[in-house]
Amino acid sequence: MDSTSTTKDVLDLTAFPAGFAWGLATAAYQIEGAVAEGGREPSIWDVFSHTPGATLHGDTGDIACDHYHRWEADLDLLASLNVSGYRLSVSWARLQPAGRGALNPEAVTFYRALLAGLRERGIEPFVTLYHWDLPAVLEREGGWPARETAYLFADYARRTVGALGDLATRWVTLNEPWCSSFLGYGYGKHAPGRTDLELAVAAAHHLNLAHGLAVRAVREVAPAAEIGITNLITDVVPASDLPADRRAATRLDAVGNRVFLDPVYLGGYGPAVHECLDPFGLGALVHDDDLAIIATPTDFAGVNHYQRVVAAHDESEPFGVRERPCEPATTSFGWSVIPDSLHAVLTRVADRFTRLPLYVTESGASFDDYVGPDGRVHDEERVDYLRDYFAAAARALSDGVDLRGYFVWSFLDNFEWGEGYSKRFGLIHVDYRTQERVPKLSAHWYGELIARHRLLTTSKGTPR
């Protein structure tokens, strides 16, 4: 490890139990590249990123981190950081290029080798079935606003877990369905780039339905598997104590958080969700058995958290809410760095929605990282961020939250969706021209922290 890094006296690790999953996370389209190899067909992100003006500088995931060809060396690098878990996604467009039917054998071979490689290195895979790469052919047939897509996803989940389930026991159905629905179909910022809130609401409901159907499908082929969903949960606060701003915060929470939390964990869409989304067709979308399917019991809940946002009443904005990042906004994305917001969302989910074990399945920050003249990346800001957010997670544990793991976003710098290659979240710096990987100061720091925690728990038993 880098001799300039230390975790001594900067974070109390005694709140984290033995077996706590310290990990890193990635997504297939953001790192794999090889978009036309191994039988893969285009996803909606291939189409979107090749649309002029859709992404910064016209960046695409065609090559990305070239992980498809470099996965063995990447897994060696991952293992050098002492992580016990790795959250990755498998590509629907690679595994089932036509969006239906038999799986692509070349893709199955690739992912089986990848999962086996993780296990050989003592790293447990946490596999996400869908991280935004809908086969483009299904978008042409209606995409997520079409109810049929939910049933096709369940079939894909059944086939994928059937083919890979002996190598992975923990599965996530969907990553951040809010982004897939509202950013993709409502605001046009993500693939497929459509701008119709009625389509976004239909997509949101059908993503919820797809989750429930997939849970049932996975249970059929892998009864011992653990399965859950990962939602992006934003800490929403009102701009003032004025009633109008407080109601605006309630509406933003409803359309950003509760539209996915309520039906999965509470059995139905709550009044605030219906108030906001019924004008866009939500009520008419719900069939008789939908809510029971969506609420099919799961084994854990995934929490992705990045920022706190401020909500103010503004009739000119969608849902009558104007939102802005909360200060201090110190990441290169302009997102807030407020560790208390992570504590707030973890305790809220545990207190109000579910007593299931929780995982922080993504949390991280982008900074303007670069390789210095000494050949190193001195990302002290990220070290500070991780230390403080881990401390917030420790407080949540001390407050009784059943938190089982923390997956930092991200393992590698990668294709950051609409922002192309301009935002760096990774603990590993990637030179996209040469594909050279350079562990940042934060990588050394994190590896040392994990080693310290492991030593602490094995020598003294589970700390509480």
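Residue numbering note: each chain is counted from 1, following its sequence as written. Where local features are concerned, this predicted model is filtered to residues with pLDDT of at least 70; where side-chain atom pairs are given and counted, the filter is 80 or more; whole-chain, interface and lining totals use all residues. Remark: hydrogens and water are excluded; side-chain values derive from all non-hydrogen atoms of the structure.

A few words now on the overall build of the protein. Only DSSP runs of H or I with at least four residues qualify as helices, and only runs of E with at least two residues qualify as strands; both kinds are numbered from the N terminus onward. Along its length, the protein carries 16 helices and 13 strands. For a compact globule the rule gives 2.2 Å times the number of residues to the power 0.38, and the radius of gyration it is set against comes from C-alpha atoms. Relative to a compact globule of 464 residues, whose C-alpha radius of gyration would be 23 Å, the protein shows 21 Å and is just as compact. Referenced to the eigenvectors of the C-alpha coordinate spread, the extents of the protein come out at roughly 60 × 55 × 45 Å. Here the protein holds 464 residues, and 63% of them are scored as buried. By definition in these notes, contact holds between two residues if any of their heavy atoms fall within 4.5 Å. Contacts in the protein between residues at least 24 apart in sequence constitute 77% of all its contacts with a sequence separation of at least 6. Reported accessibility uses the Shrake-Rupley method at a 1.4 Å probe radius. Residues are deemed covered only where the shown protein chains occlude them. Summed over its atoms, the accessible surface of the protein is roughly 16900 Å², and 51% of this surface lies on carbon and sulfur atoms. Only four residue types enter the tally: Lys and Arg on the positive side, Asp and Glu on the negative side, with His and both chain ends excluded. One atom stands in for each charge, and that atom is NZ of Lys, CZ of Arg, CG of Asp or CD of Glu. Computing the positive centroid from 42 side-chain charges and the negative centroid from 62, the protein places the two 4 Å apart. Only protein chains enter the calculation, and the probe is 1.4 Å; a residue is then buried if its accessible area is under 20% of its type maximum, exposed if over 50%, and partly exposed in between.

Hydrogen bonds along the backbone pair up the strands of a sheet, which may run parallel or antiparallel. Each pair of strands is called paired provided DSSP finds at least two bridges between the two strands. Strand order in the closed barrel formed by eight strands is β1-β2-β3-β4-β5-β7-β10-β11, and the pairing between neighbours is parallel. The sheet shows a mean angle of 25 degrees between the axes of neighbouring strands, taken without regard to direction. Alignment of strand β5 (residues 226-232) against strand β7 (residues 300-304), held across five bridges, turns out to be parallel. By the bridge assignment for β7, I229 is matched with A301. Axes here mean lines fitted to C-alpha atoms, for a helix over just the part in contact, with angles spanning 0 to 180 degrees between N-to-C directions.

Another aspect to go through is the packing of helix α8 (residues 177-186) against helix α9 (residues 197-221). Following both chains from N to C, one finds α8 and α9 inclined at 160 degrees, their axes separated by 8 Å at the closest point. Between α8 and α9, the angle falls in the class roughly antiparallel. The two elements α8 and α9 meet at a crossing, and its hand is right-handed. Contacts between α8 and α9 involve P177, S180, S181, F182, Y185 and G186 from the first element and L197, L199, A200, V201, A203, A204 and L207 from the second. Of the residues that constitute the contact of α8 with α9, the class distribution is ten nonpolar, three polar and no charged. Convention used here: angles under 35 degrees read as roughly parallel, angles over 145 as roughly antiparallel, angles from 65 to 115 as roughly perpendicular, and any remaining angle as oblique. The crossing is said to be left-handed when, going from far helix to near helix, the turn is anticlockwise and less than a right angle, and right-handed when the turn is clockwise. Three classes are used, and their members are as follows: Ala, Val, Leu, Ile, Met, Phe, Trp, Tyr, Cys and Pro are nonpolar, Asp, Glu, Lys and Arg are charged, and the others, Gly among them, are polar.

Before going further, it helps to spend a moment on α8. Here α8 lies mainly inside the structure; ten of its ten residues are buried. Looking only at α8, the buried set comprises P177, W178, C179, S180, S181, F182, L183, G184, Y185 and G186. Phi turns positive, to about 70 degrees, at G188, one or two residues after α8.

Take the pairing of strand β10 (residues 358-363) next. By the criterion of burial, β10 is predominantly enclosed, with six of the six residues buried. Both β7 and β10 contribute to a ladder of four bridges, which runs parallel. Bridge pairing links N304 to E362 in β10. Relative to strand β11 (residues 403-409), β10 is paired through four bridges, and the arrangement is parallel.

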